[in-house]
Amino acid sequence: MRLEDEYRSLRHGAALSRMDHVGLVRVSGDDATEAVDAICSGDLWVRDGRMLQTLILGEPGQPVADVYVCPDDDACVLMFEGITTEELSACLAEYADPELAIELEDLRPAYELISVNGPYAWEALSKWLTPDVIGLPYLSFYHFDRGTCFRAGKTGEYGYDLAVRSGYVERAWEELLELVGALGGGEASLETLDLCALENGFFSVRHASVEGLTPLELQLQWRVSARKRFPGAAAIEERRAKGMERRLTHFVAREGVESGDPIRDADGPVGQVTAAAFSPGIGGVAGMALLDLSVAHPGIDAFFVTGPNVERPIRTVSSPLLFNRSLLVDPHRHTYATRDETSDPPLWLGSLP
Amino acid sequence: MTTNLSDYVSSREAVLDRVRRMLRDTMKLRIEPEAIDPDVPLFGTGLGMDSVDAVELVVQLDAVFGLTLAGSPWVSAKLRTVNTIVDAILELGNET
Amino acid sequence: MSESPHITGWGIASALGVGRDRFCAALLRGESGITTVHRFDTSPFTTHVGAMVAGYESDDRDPSLLSHEFGMLALHDALAHARLELEALQSMRVTLTLGASLFGDHTTERLAHDLAKELGISGPAITISTACTSSTQAIGFGADLIGEGFADVVLAGGIDVLTPALFAGFHALGVLSERPCTPFGRQMGTTLGEGAGFVVIERGGLRDAVTRARLRGYGLSGDAYHETSPEPRGRGVAAAIRGALDDAGASAAEIGYLNAHGTGTVANDTAEWCAVQSVFGSDLGGSLALSSSKGHLGHAQSAAGVLEVITTLECMGAGLAPTTAGFEEARPGGPPRPVGSKQPKPLVYELALSSNSAFGGSNCALVFGKAKPATVSDDERRRVFVSGATALCAGVSCIEELASICAAESPLSKAELQIDLALELPRVDLRGIDRASELLTTVVSRALADAGAQLRGETRARTGLIAGVLRASPDSLYRFRTSLERRGFAKPDTTAFAQVLPSAAQGACAKALNIRGPQSTVTIGEGSGLMAAVMSAWMLARRRDSDRIVAAAVDVRSEQSAEGALVDAACALVLCTEPTAVEVAGIGLAGPGQLDEAITEAKRRSGLSERVELLVELPNPFGGMPATSSAFALAHAIGSLRRGKSKTALVATTGTTASVAMILTSNEVTHDD
């Protein structure tokens, strides 16, 4: 499918994706939680059956992995992007106390991860699993006979990541593709998922160039503990003491803006574009930029990107960009077949500069 | 719309600071207001507010900022991050 | 083998009528007791319906007066049904177990005290304050009391009154339906109700009584999940249901009818349906009938359990399954085919199960059988030991310091008690925790550490918590009340509302420490800490659903109320079935002012022939802490035994509504069983 078609089905119905870029491990043993706590930047204030989004940082404070920590009885399942399982294992070896009793089990290839995202993703799942899946809160998971269902997603729509036992994956894929097809959708590529993540303000460890940046600049302080020790903690403290100078801010533009482009205002440079992509949802470019802290706010029209012979104005905006359709869908009352989008507010409430 | 950039930024930063303080107090967070990212999601992830906190937030926004959201069909769009709250407050100020 | 306790009668004051006759007639006609609320102004709210007790719809007298009146109506009705004259009752060994969580200026045990007095019964009265599971638990504990021989008759039930504050709190949480609730149906939300109910539970053969049903067993659990939302997969509910089946020696297939908690809220109905399916199979084994009574009676809070049990018992006896009033179409994620006919459906069944869940995550299920003889095979009674103990108040942070103060008889420090729980429990989210929860969690955590107990895997579900608490945390009560005054009834502080229950501290502690076993909050007024320990001991001895129970108590200094505590104090003791140096040799329970009877009972049960030392009854420096002081006495006794200072110890107290005694021995002492 073309990007626009994939995008439309994900934003209005449901779409199915392979998640080969995501790692999945189980850390078990008496000290599993303590070991995971030692390498993750956030406080692990998360119950059994829930998920916590956190980070693994490098010593200089930059995000190295985007991690969901999922306590499962006494073990911890980790779903992560940005590093390999070997790298995760090395991180544990380096930063967790060697005396801790833990075992690391790579859940791949025993399991494969596939994902369903969209305002009606729950409808596909309620048929593929059981109807009570609609009661699963955001950032929760549970085990079923052929795997585990994680309700998460990085698109701003209902999202379910399914870890399915390898022997059943192909059949699961066929069944879900059919169910998603009935909801006007099909397969969505990683490119579409990443576009949706960008629009909804989800940090992408695979895209953001994070050299010299810490969670302070990246607006990820919420994933960082104020009280514990973890790799990168010292660098963050240092940056805090020194004062941060730039902050990641979202923007929109008509066209011709790319990652790496310098941003100026009438008086001089103010920052740089760190990510940009054409968004069918807004009919223009959606992007993120590192701006000087003094002007790193949404609602500003004074900036532009300079290219050869041309100035492209950008407008800074609050994230998320879109009024996701999922906010208007209630699984207890609605269905895809009986949906009526005519009276819904528009997908995007803003305008291009 | 930015008529005067520095005026806009000042008023925005003032509201941002007040909203951060209000959230910090409502959620009983033991952090400095500056540690609350302006684009942090409020519900589910981010600050991790739940439905009980949501009720209190709506009350506080009304009491502290005069922002009445109850009954508005677009409540869920306006209360997604700290910045969206600041947007709503500034919008209210522009209307009066 | 032992006999299942007999149920000889029940009585009710409800929205469907006061007294069994009116109630049954309305129930059989398929009527609903939910009407427009006239008792108070509902204009601040978006819903205006509730289920008030028939005849009291506009009665706006003080809730404590109404609750007393409802209680007496239901009690007299129950005694009439049981054909038990008041004079005869007064001559028997009677215990009152009352589910009540009404918050107000007085402490929670007051209602039980006044009811017992008016009935003229001199035995113990135990109040269970776990919100929506209160009366369910009261009935379950009634079975224990009969089984342990502490009582010959138990009047078990619950009472609640619908007040504007309660309405405001639930309304603000967004869980009330606009029209009368439709459990398992299309409309989301619940409708509040009120009422009183009592069940007469008796030991067989003591008098010429008609047995109407049998109380076969009960199960208790905790979600350890959230203050107001149930664990979404119904894990805790399933554990309570399985526990009740095990206790009854019954299999899931033998249950013919299940009375669900079924409030009608989004969160409850799907979680409960997950739980029911996990125990009974996704098609309910093909034959289990299921319904919720809240469409008829509203959600009667502390009385919900007993009103729903009575609904079940009336119908079971008449060969009917109760229906779900208001049900038309099944909601997605809920049971597809609950009993939803206009009137109860003809159905013959031998066993029924009733389940309830509450704020703070407690779940309780009961199994009932028809009147015919029923026995349960007795598991061998287990010996009970003490594996951990800690004490906390100004100047005391462990039981050794407690001993020094007792020895020196020096006054308690007047300094404010400072603790930093975040330091002790760095991996627990403590945001918003109130003072009572903070203190209770601190002592329970320390006591478990003292016991060397690590809650992992299955041990979480096999570790319980019984808290002796007289009232909700004063800071939460104050915040909630103030929010109503300053912000109006449309905008109360919902976080505070979730915490104005006496059981909020137990729920918060269980959540922080992941305690999922049997849990409860009980009070007898003064002496509640020792009561919690006595209950923990009998539960470990006779039941099989836990291997360890923490008995704890907490007092929070209250400036507002004359009946409140004067100091902050908390205490926790870990009781278990694995042998340690200190054993619980015997327990005794008697009415208020009957200290000697309680002590005699404990001695008899301990089988000790020599004199026991009375260590500390109510230590002098420890006044002003009604729940905790008796627990401190117990902690002190434990310390003394551990240090080898004595071989036996007796701790006893006469509390406001009961007298309790416990005898501890060092493990080498031999017992004549």
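See the structure shown above.
Residues numbered from 1 in each chain as written. Chains lettered and ligands numbered in written order. Predicted model: local features only at pLDDT ≥ 70, side-chain atom pairs only at ≥ 80, totals over all residues. Heavy atoms only, no water.

J.: Looking at this structure, I do not really get the overall build of chain A. What am I missing?
T.: Secondary structure assignment for chain A yields 7 helices and 16 strands. Here the C-alpha radius of gyration of chain A, 21 Å, is about what a compact globule of 353 residues would show, namely 20 Å. Across its three principal axes, chain A shows a C-alpha extent of roughly 60 × 55 × 30 Å. The buried share of chain A, reckoned over its 353 residues, is 59%. Within chain A, contacts between residues at least 6 apart in sequence are counted, and of these 70% link residues at least 24 apart. Surface accessibility of chain A: about 13,700 Å² in total, with carbon and sulfur atoms responsible for 49%. (Helix = DSSP H or I, 4+ residues; strand = E, 2+ residues; numbered from the N terminus. Rg over C-alpha atoms; globule rule 2.2 N^0.38 Å. Buried < 20%, exposed > 50% of the residue type's maximum accessible area, 1.4 Å probe, protein only. Contact = heavy atoms within 4.5 Å. Areas by Shrake-Rupley, 256 points an atom, 1.4 Å probe, with all protein chains shown as cover.)

J.: So what exactly am I meant to see when it comes to the interface of chain B and chain C here?
T.: How big an interface is tends to be stated in terms of the accessible area lost upon association of its parts. Between chain B and chain C, the residue contacts involve 12 residues of the former and 15 residues of the latter. Carbon and sulfur atoms supply 48% of the area that chain B and chain C bury against each other, a total of about 1,100 Å² over both sides. Where C:Lys491 meets B:Asp62, a salt bridge forms, and the shortest distance between an N and an O atom there is 2.9 Å. Run the count over chain B and chain C and you get 4 residue pairs in polar contact (both at pLDDT 80 or more). (Buried area = accessible area lost by both parts, 1.4 Å probe. Salt bridge = Lys/Arg side-chain N within 4 Å of Asp/Glu carboxyl O. Polar contact = N/O pair within 3.5 Å; in protein donor to acceptor, adjacent residues only side chain to side chain.)

J.: Where do I start with the interface of chain A and chain B in this structure?
T.: At the junction of the two partners, chain A supplies 36 residues and chain B supplies 28 residues. At the boundary of chain A with chain B, the tally comes to 10 residue pairs in polar contact (both at pLDDT 80 or more).

J.: Is there a simple way to explain helix 17 (residues 504-513) of chain C in this structure?
T.: Residue and element names in this part refer to chain C. Taking burial as the measure, the 10 residues of helix 17 include 9 buried ones, the bulk of the element. For helix 17, the complete set of buried residues consists of Ala504, Ala505, Gln506, Gly507, Ala508, Cys509, Ala510, Ala512 and Leu513. On its buried face, helix 17 sits against helix 13 (435-450), strand 19 (463-468) and strand 20 (519-523). Just downstream of helix 17, Asn514 is the residue with a positive phi angle, here 65 degrees.

J.: Is there a simple way to think about the pairing of strand 10 (residues 159-165) of chain A in this case?
T.: Every other side chain in a regular strand lies on the same face of the sheet, so the side chains alternate between the two faces. All names here are of chain A. For strand 10, the tally of buried residues reaches 6 of 7 residues, placing the bulk of the element in the interior. Bridge analysis of strand 7 (residues 111-117) against strand 10 gives 7 bridges, and the strand direction is antiparallel. The residue of strand 10 that forms the bridge with Ile114 is Leu162. As defined by bridge partners, strand 9 (residues 147-151) adjoins strand 10 across 5 bridges and the pair is classed as antiparallel. Across the sheet, Arg151 pairs through a bridge with Tyr160, a residue of strand 10. (Pairing = 2+ DSSP bridges.)

J.: Please explain unusual backbone geometry as it appears in this structure.
T.: It is generally the case that most residues other than glycine have a negative phi and that most peptide bonds are trans. Residues and elements named next belong to chain A. Residue Pro109 follows Arg108 across a cis peptide bond; omega there is 0 degrees. Counting through the fold element by element, Pro109 comes out in the loop between strand 6 (103-106) and strand 7. With an omega dihedral of -5 degrees, the bond running from Ser319 to Pro320 counts as a cis peptide bond. With respect to the element layout, Pro320 can be found in the segment after strand 16 (310-317).

J.: Explain the sheet that holds strand 13 (residues 268-279) of chain A here, please?
T.: Hydrogen bonding along the main chain pairs the strands of a sheet, whether they run parallel or antiparallel. Residues and elements named next belong to chain A. Strand order in this closed barrel of 6 strands is 11-14-13-12-15-16, and the pairing throughout is antiparallel. Ignoring which end each strand starts from, the neighbouring axes of this sheet average 45 degrees apart. Pairing analysis gives 4 bridges linking strand 11 (residues 246-253) to strand 16, with the strands arranged antiparallel. Bridge pairing in strand 16 links Val252 to Arg315. (Axes fitted to C-alpha atoms, helices over the stretch in contact; angles between N-to-C directions.)

J.: Sorry, what's going on with helix 4 (residues 121-128) of chain A here?
T.: Every α-helix winds through 3.6 residues per turn, so residues three or four apart in the chain are directed the same way. Residues and elements named next belong to chain A. Of all 8 residues that make up helix 4, 7 are buried, and the element is covered over most of its length. Of all the positions in helix 4, only Ala121, Trp122, Glu123, Ala124, Leu125, Ser126 and Trp128 are classed as buried. Among the structural elements, strand 7, strand 8 (140-144), strand 9, strand 10 and helix 5 (166-181) are those in contact with the buried residues of helix 4.

J.: Please explain the sheet that holds strand 4 (residues 63-72) of chain A as it appears in this structure.
T.: Residue and element names in this part refer to chain A. As summarised here, the arrangement of the 5 strands in space is 3-4-5-2-6, forming an open sheet in which the pairing is antiparallel. Strands with a single pairing partner mark the edges of an open sheet, and in this sheet they are strand 3 (52-57) and strand 6. Across the sheet, the axes of successive neighbouring strands diverge by a mean angle of 30 degrees, strand direction being ignored. With 4 bridges connecting them, strand 2 (residues 23-28) and strand 6 associate as antiparallel partners. Counterpart to Val25 in the pairing with strand 6 is Asp106.

J.: Help me out: how do you make sense of the nonpolar core in this one?
T.: Residues and elements named next belong to chain C. Counting residues in hydrophobic clusters, the biggest one holds 101 residues, and the most contacted among them are Ile139, Trp538, Met662 and Leu664. The biggest single contributor to this core is helix 18 (residues 528-542), with 11 residues. Domain assignment of the residues forming this core places at least three in each of domain 1 (6-378) and domain 2 (381-666). Excluding residues that lie within four positions of it along the chain, Trp538 makes contacts with Asp144, Leu145, Glu148, Phe150, Met531, Arg543, Ile587 and Leu589. (Core = buried A, V, L, I, M, F, W, Y, C linked by side-chain atoms within 4.5 Å. Domains from an automatic or database assignment.)

J.: Just to check I follow, could you spell out the pattern of salt bridges for this structure?
T.: Should the charged atoms of two oppositely charged side chains come close, the side chains can pair. Following the criterion strictly, the structure yields 66 salt bridges over all chains and no others. When the shortest N-O distance is used, the salt bridge between C:Arg642 and C:Asp450 registers 3.0 Å. Taken as a pair, C:Arg642 in helix 20 (residues 629-642) and C:Asp450 in helix 13 lie far apart in primary sequence, 192 residues in all. Among the charged side chains, a network of salt bridges with common partners joins A:Asp66, A:Glu81, A:Lys154, A:Asp194, A:Arg206 and A:Arg223.

J.: I'm lost on the pairing of strand 5 (residues 75-81) of chain A in this one. Help?
T.: All names here are of chain A. By the criterion of burial, strand 5 is predominantly enclosed, with 7 of the 7 residues buried. Strand direction decides the pairing type here: strand 2 and strand 5, joined by 5 bridges, are antiparallel. Within strand 5, the residue paired with Val27 across the bridge is Cys76. Where strand 4 lies against strand 5, 7 bridges are found, and the strand directions are antiparallel. Across the sheet, the residue bridging to Asp66 is Glu81, located in strand 5. In this antiparallel pair of consecutive strands, strand 4 and strand 5, the connection spans 2 residues, and Asp73 shows a positive phi of 55 degrees.

J.: I would appreciate a short explanation of the packing of aromatic side chains in the present structure.
T.: We describe a pair of aromatic rings using the distance from one ring centre to the other and the angle between the two ring planes. Residue and element names in this part refer to chain C. Applying the stated criterion to the full structure yields 14 aromatic pairs over all chains. A ring pair is formed by Phe141 and Tyr218, whose centres lie 5.9 Å apart and whose planes are at 85 degrees; its orientation type is edge-to-face. Of this pair, Phe141 sits in helix 5 (residues 134-148) while Tyr218 sits in strand 10 (residues 213-222); the two residues are 77 residues apart in sequence, bridging distant segments of the chain. A network of ring pairs unites the aromatic residues Phe170, Phe359, Phe480 and Phe497 as a single cluster. (Phe/Tyr/Trp six-rings, centres within 6.5 Å; stacked < 30°, edge-to-face > 60°.)

J.: Sorry, what's going on with the packing of helix 5 of chain C against helix 18 of chain C here?
T.: Between two packed helices, what matters for the description is the angle formed by their axes and the separation of those axes. Residues and elements named next belong to chain C. Where helix 5 meets helix 18, the closest approach of the two axes is 11 Å, and the angle between their N-to-C directions is 75 degrees. Taken as axis vectors, helix 5 and helix 18 run roughly perpendicular relative to one another. Contacts between helix 5 and helix 18 pair Phe141, Ala143, Asp144, Leu145, Gly147 and Glu148 from the former with Met535, Trp538, Met539 and Arg542 from the latter. Tallied by class, residues from the contact of helix 5 with helix 18 come to 6 nonpolar, 1 polar and 3 charged. (Parallel < 35°, antiparallel > 145°, perpendicular 65-115°, else oblique. Nonpolar A, V, L, I, M, F, W, Y, C, P; charged D, E, K, R; others polar.)

Shape is all these values report; function is a separate question.
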